[in-house]
Amino acid sequence: MFSTLIVTSPFTKPVRVLLLDIEGTTTPIDFVYKVLFPYARKNVKPYLAAHRSSPEVQSDIRGLLEENAEDARREIDLPLVKGPAEQVSVDRVVVYVHWLMDRDRKTTALKSLQGKIWEEGYGNGELRSQIFEDVTRAFKRWREQNKEICIYSSGSVLAQKLLFAHTEAGDLTALIGNYFDTMIGAKTDAESYQRIANSLERRPDEIVFVSDVTAELDAAESAGFETLLCVRPGNPFQGRSPSHAVIHSFDEILSN
């Protein structure tokens, strides 16, 4: 049992909620970019061909069509996709999805579709998620301290739940209280964090947000959250910010 905290204590107020990013925080970036994204890219066409008539996939396609039209209005050079969702060419949708993925877009329709593709991959055993080795014991420790663990990621809530349900360490979803994605707002928008605090019925200063991206931490800090910059192997260098204490492992976090 880890009983001390060096870099993160004391927080301004007692912490009740640990709000965690996924990519580069709980999960290696390489797993996202070298496993999950290539899997979605490879399987988007067969998945759409098999499931395009389902209401959920139709909703994703409509969202992609709206995004495509908005991109066209901004005169972005892109593959155009036109027509009603029920009739639009799957091949054209696939080309646009690949175009969005090449630009690492974080939009809701794309993330929702990716989540459904990953669900199929986890279900058939082709995918198993990776987490850092300190995550499981930290989750258990925080729950023993009666802290709530929540996730906030640009990936859909479905994708988040799948990731933590199929880790190499087992199913961790019983330890997680809530999940938030871009439906709550962009991760670089302070209002998103205000909405999360309202949803959890917590004061912002009762929540600590842990992420590997300083722009996200800046937004959370603006909303009154406590913040920690997570520096993991393979993460892009974020620079040093006097506002955000740095951790390299969840072993360093023991909230008061």
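One can find the structure itself at the top, above this paragraph.
Notes on the structure follow. Here, residues in each chain are numbered from 1, in the same order as that chain's written sequence. In keeping with the model being predicted, local features are shown solely for residues with a pLDDT of at least 70 and side-chain atom pairs are shown and tallied solely at 80 or more, while totals for entire chains, interfaces and linings include all residues. Excluding hydrogens and water, the side-chain figures rest on all heavy atoms present in the structure.

This next bit is on the pattern of salt bridges. A carboxyl oxygen of Asp or Glu within 4 Å of a side-chain nitrogen of Lys or Arg is what we treat as a salt bridge. For the coordinates displayed, the defined rule picks out 18 salt bridges. Residue arginine 105 is joined to aspartate 71 by a salt bridge in which the shortest nitrogen-to-oxygen separation is 3.1 Å. Within this pair, whereas arginine 105 is found in the loop between helix H3 (90–102) and helix H4 (108–123), its partner aspartate 71 is found in helix H2 (residues 55–73), the two being separated by 34 residues in sequence. Each member of the pair, arginine 105 as well as aspartate 71, is classed as buried. The structure contains a network of salt bridges with shared partners spanning Glu67, Glu70, Asp71, Arg73, Arg74 and Arg105. Every helix listed is a DSSP run of H or I at least four residues long, and every strand listed is a run of E at least two residues long, numbered separately from the N terminus. Classification of residues uses two cut-offs on accessible area relative to the type maximum, computed with a 1.4 Å probe and protein chains only: under 20% is buried, over 50% is exposed, and between them is partly exposed.

This next bit is on the environment of alanine 159. Examined against the element boundaries, alanine 159 turns out to sit in helix H6 (residues 157–165). As a C-alpha pair, alanine 159 and isoleucine 117 span 42 residues in sequence and 9.2 Å in three-dimensional space. Excluding its chain neighbours within four sequence positions, the residues that come into contact with alanine 159 are Gly115 and Trp118. Whether two residues touch is decided by their heavy atoms; if any such pair falls within 4.5 Å, the residues are in contact.

On to the packing of H3 against H4. Orientation is described by lines fitted to C-alpha atoms, with helices fitted over the stretch in contact, and by angles between N-to-C directions that extend from 0 to 180 degrees. H4 packs onto H3 with a crossing angle of 105° between their chain directions and a minimal axis gap of 11 Å. One way to sum up the angle between H3 and H4 is to call them roughly perpendicular. On the side of H3, the interface is formed by Val97, Leu100 and Met101, while H4 contributes Leu110, Leu113 and Gln114. Any residue outside Ala, Val, Leu, Ile, Met, Phe, Trp, Tyr, Cys, Pro, Asp, Glu, Lys and Arg is labelled polar, Gly included; the first ten of those are nonpolar and the last four are charged. Here the residues of the contact of H3 with H4 are counted per class, giving 5 nonpolar, 1 polar and no charged. Under this scheme an angle from 65 to 115 degrees is roughly perpendicular, one under 35 degrees roughly parallel, and one over 145 degrees roughly antiparallel; angles in between are oblique.

The next subject is the sheet that holds strand E2 (residues 148–152). Across the sheet, 6 strands lie side by side as E3-E2-E1-E4-E5-E6; this open sheet has parallel pairing. Of all strands in the sheet, those bounded by a partner on one side alone are strand E3 (178–180) and strand E6 (245–247). Neighbour to neighbour, the strand axes of the sheet diverge by 25° on average, direction disregarded. DSSP bridges decide pairing: two strands pair if at least two such bridges lie between them. Where strand E4 (residues 207–211) meets strand E5 (residues 226–230), 4 bridges bridge the pair, whose relative direction is parallel. Residue serine 211 lies in a different strand from E5, and its bridge partner there is leucine 229. In the packing of helix H5 (residues 135–144) onto the sheet, the strands contacted are strand E1 (17–20) and E2, and the crossing angle to E2 comes to about 135°. Strands in contact with helix H8 (residues 214–222) are E4 and E5; relative to E5, the strand with the most contacts, it is inclined by about 170°.

Position of threonine 182 among the secondary structure elements: in the loop between E3 and helix H7 (190–200). A residue is classified by how much of its surface remains accessible, and threonine 182, at 18% relative accessible area, is buried. Two N or O atoms count as a polar contact when they lie within 3.5 Å, although within protein this holds only if one can serve as hydrogen donor and the other as acceptor, and sequence-adjacent residues are included solely when both atoms are side-chain atoms. A polar atom in the side chain of threonine 182 sits 2.9 Å from the side chain of threonine 108.

Moving on, we come to the layout of surface pockets. Taken as a whole, the largest pocket spans an internal volume of roughly 500 Å³. When contributions to the lining of the largest pocket are tallied by element, the ones reaching two or more residues are helix H1 (29–51), H4 and H6. Each residue belonging to the lining of the largest pocket can be placed in one class, and the counts come to 11 nonpolar, 7 polar and 8 charged. The definitions used throughout rest on a 1 Å grid laid over the protein atoms alone, on which a cavity is an enclosed set of points accommodating a 1.4 Å probe that cannot get out and a pocket is an open set flanked by protein within 12 Å on both sides along at least five of seven lines; lining residues are those having an atom within 4 Å of a point. Grid points are joined across faces, edges and corners, and a volume is the space filled by probe spheres set on the points.

Before going further, it helps to spend a moment on the environment of proline 28. Its place among the elements puts proline 28 in the loop between E1 and H1. In the structure, proline 28 is positioned 162 residues away from alanine 190 in sequence and 25 Å away in space, judged by C-alpha atoms.

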